[in-house]
Amino acid sequence: MTIKSINSDIHSQFSSVLKTCLSQICGYQQLISEVECVRKTPYCSENVEHEKMLMELWEKLMPETKLEERVCHQWETIGFQGSDPMTDFRGMGILGLQNLLYFVTHHTETARQLLSHSNHPKYGYSFAIVGINLTHLTLHLLQSGALKTHFYNVVQGRPHLENFHQVYSYLFYEFDKFWFSEKPRDIMEFNRVKDKFQKKLIIRLKNKSTVLMPTFTDRYRPIVQS
């Protein structure tokens with residue numbers, strides 16, 4: 001303030017605003033490092049905490065169905081590719097599981113609703129696999145700097161991992177709506193739809209007032225048959 005000859009009596013709020021801005025800028029970079037650290041942590045079936053999170057994911061999505069065995073084809077009913085979900089987390093590490101679990105824990109009814117949507121006879125998709133792909137998308141938006149607009153508008157200071165999970169939850173809900181609005185021929189159109197969804201997001205995030213908050217409520221949103 002001395003170097004710039006800023007009079008604190010005239011600009012009384014300058015110091016606090018500057019501190020907030022610096023905290024947001026540094027905090028954004030710290031969040032990138034924190035998220036990347038989680039992503040680099042591989043899922044390990046011998047890690048008790050990892051296994052506990054995986055079981056919680058099943059129980060929250062399928063409360064009335066008991067998992068017969070840890071490794072079984074029941075996992076495919078919630079959108080994993082095979083009998084052991086561990087293999088699907090290789091790309092995004094434990095971050096993919098944390099994202100999914102946060103969504104189903106904090107927005108349980110909405111997550112179950114989306115799981116029901118994923119079983120649509122014509123426009124169905126693999127719930128868990130799509131969720132992991134959306135982890136990759138959310139991470140890309142973070143690392144590219146596209147999410148600065150959102151976080152600078154929402155967090156007055158340093159953003160934390162929970163803020164990243166909140167954006168992920170919002171994107172999952174919005175992608176589900178976008179997927180059905182696109183009426184894809186089959187799951188092979190996933191990349192096309194995802195890329196279009198991503199482009200729309202990036203354009204939206206160029207608006208400096210954009211906020212990506214999960215303001216949806218856990219109410220049933222039926223899919224219109226067509």
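You'll find the structure just up there.
Quick caveat, the model's predicted, so the values are computed rather than measured.

On a plain count of helices and strands, the protein chain comes out with eight helices and zero strands. Taking all 226 residues of the protein chain together, 47% fall into the buried category. Considering only residue pairs separated by 6 or more positions, the protein chain has 70% of its internal contacts joining residues 24 or more positions apart. Within the structure as shown, the protein chain displays about 12200 Å² of accessible surface, and the carbon and sulfur contribution to it stands at 52%.

Along the chain, Phe127 falls in helix α5 (residues 127-144). On the basis of relative accessibility, which here comes to 1%, the residue Phe127 falls in the buried class. For the pair formed by Phe127 and Leu114, sequence separation is 13 residues and the distance between their alpha carbons is 7.6 Å. Setting aside residues up to four positions removed in sequence, Phe127 forms contacts with Leu61, Ile78, Gly79, Leu100, Phe103, Ala111, Leu114, Leu115, Ser118 and Phe172.

Here we come to helix α7 (residues 161-182). With 22 residues, α7 should cover 32 Å at 1.5 Å per step; its first-to-last C-alpha distance of 31 Å lies within 8% of that length. Counted residue by residue, α7 has 18 buried out of 22 residues, so it is predominantly covered. Directly after α7, the chain includes Lys183, whose backbone phi takes a positive value near 45°.

Let us now look at the packing of helix α3 (residues 93-106) against helix α4 (residues 108-118). As a packed pair, α3 and α4 sit with axes 4 Å apart at the nearest point and diverge in direction by 115°. It follows that α3 is roughly perpendicular to α4 by the angle criterion. Across from Phe103, Val104, Thr105 and His106 in α3, the residues of α4 making contact are Thr108, Thr110, Ala111 and Leu114. When the residues that make up the contact of α3 with α4 are grouped by side-chain class, the tally is four nonpolar, four polar and no charged.

Our next topic: the packing of aromatic side chains. Aromatic rings considered in pairs are described by the distance between their centres and by the relative angle of their planes. In this structure the tally under the stated criterion is 17 aromatic pairs. Summarising the aromatic geometry, the rings of Phe80 and Phe89 are spaced 5.6 Å apart at their centres and angled 70° between planes, so their arrangement reads as edge-to-face. For Phe80, a relative accessible area of 4% gives the class buried. Looking at Phe89, the relative accessible area reads 1%, which means it is buried. Seen from their ring centres, Trp179 and Phe190 are 6.3 Å apart, and the 45° between their planes marks the pair as tilted. In this pair, Trp179 is assigned in helix α7 and Phe190 in helix α8 (residues 190-205), connecting sequence segments 11 residues apart. No difference in accessibility class separates Trp179 from Phe190, as the two residues are buried. Members of the aromatic cluster, connected to one another through ring pairs, are Tyr123, Tyr125, Phe175, Phe178, Trp179, Phe180, Phe190 and Phe197.

Mapped onto the secondary structure, Thr135 falls in helix α5. Owing to a relative accessible area of 0%, Thr135 belongs among the buried residues under this scheme. Setting aside residues up to four positions removed in sequence, Thr135 forms contacts with Met92, Leu95, Gly96, Asn99, Phe164 and Tyr168.

This part takes up the nonpolar core. Core analysis: the biggest nonpolar cluster contains 62 residues, and Leu57, Leu61, Leu100, Leu142, Leu147 and Phe172 have the highest contact counts within it. Looking at this core, the elements with two or more residues in it are α1 (14-39), α2 (48-61), α3, α4, α5, α7 and α8. Residues contacting Leu142, with those up to four places away along its chain left out, are Tyr28, Leu31, Ile32, Val35, Leu147, Phe151 and Phe164.

Cut-offs used in this document
- The written sequence of each chain sets the order in which its residues are numbered from 1.
- For this predicted model, a pLDDT threshold of at least 70 governs which residues receive local features, and a threshold of 80 or more governs which side-chain atom pairs are given and counted, while totals over whole chains, interfaces and linings are taken from all residues.
- Values shown for side chains rest on all heavy atoms present in the structure; no hydrogens or waters enter the calculation.
- Segments assigned H or I by DSSP are reported as helices when at least four residues long, segments assigned E as strands when at least two residues long, and all are numbered from the N terminus.
- Burial classification: accessible surface area is computed with a 1.4 Å probe over protein chains only, and a residue below 20% of its type maximum counts as buried, one above 50% as exposed, and the rest as partly exposed.
- Any pair of residues with heavy atoms lying within 4.5 Å of one another is described as a contacting pair.
- In this description, accessible areas are obtained by the Shrake-Rupley approach with a 1.4 Å probe, and a residue is regarded as covered only by the protein chains that are shown.
- How far a helix is expected to stretch is found by multiplying one less than its residue total by 1.5 Å.
- Working convention: axes come from line fits to C-alpha atoms, limited for helices to the stretch in contact. Angles between N-to-C directions cover 0 to 180 degrees.
- By the definition adopted for this analysis, an angle is roughly parallel if under 35 degrees, roughly antiparallel if over 145, roughly perpendicular if from 65 to 115, and oblique otherwise.
- Residue polarity is assigned by list, with Asp, Glu, Lys and Arg as charged and Ala, Val, Leu, Ile, Met, Phe, Trp, Tyr, Cys and Pro as nonpolar; anything else, Gly included, falls into the polar class.
- Aromatic pairs are defined between Phe, Tyr and Trp rings, using the six-membered ring for Trp, whenever the two ring centres lie within 6.5 Å; interplanar angles under 30 degrees are classed as stacked, those over 60 as edge-to-face, and all others as tilted.
- By convention a nonpolar core is built from buried Ala, Val, Leu, Ile, Met, Phe, Trp, Tyr and Cys residues, the set being connected through side-chain atoms within 4.5 Å.

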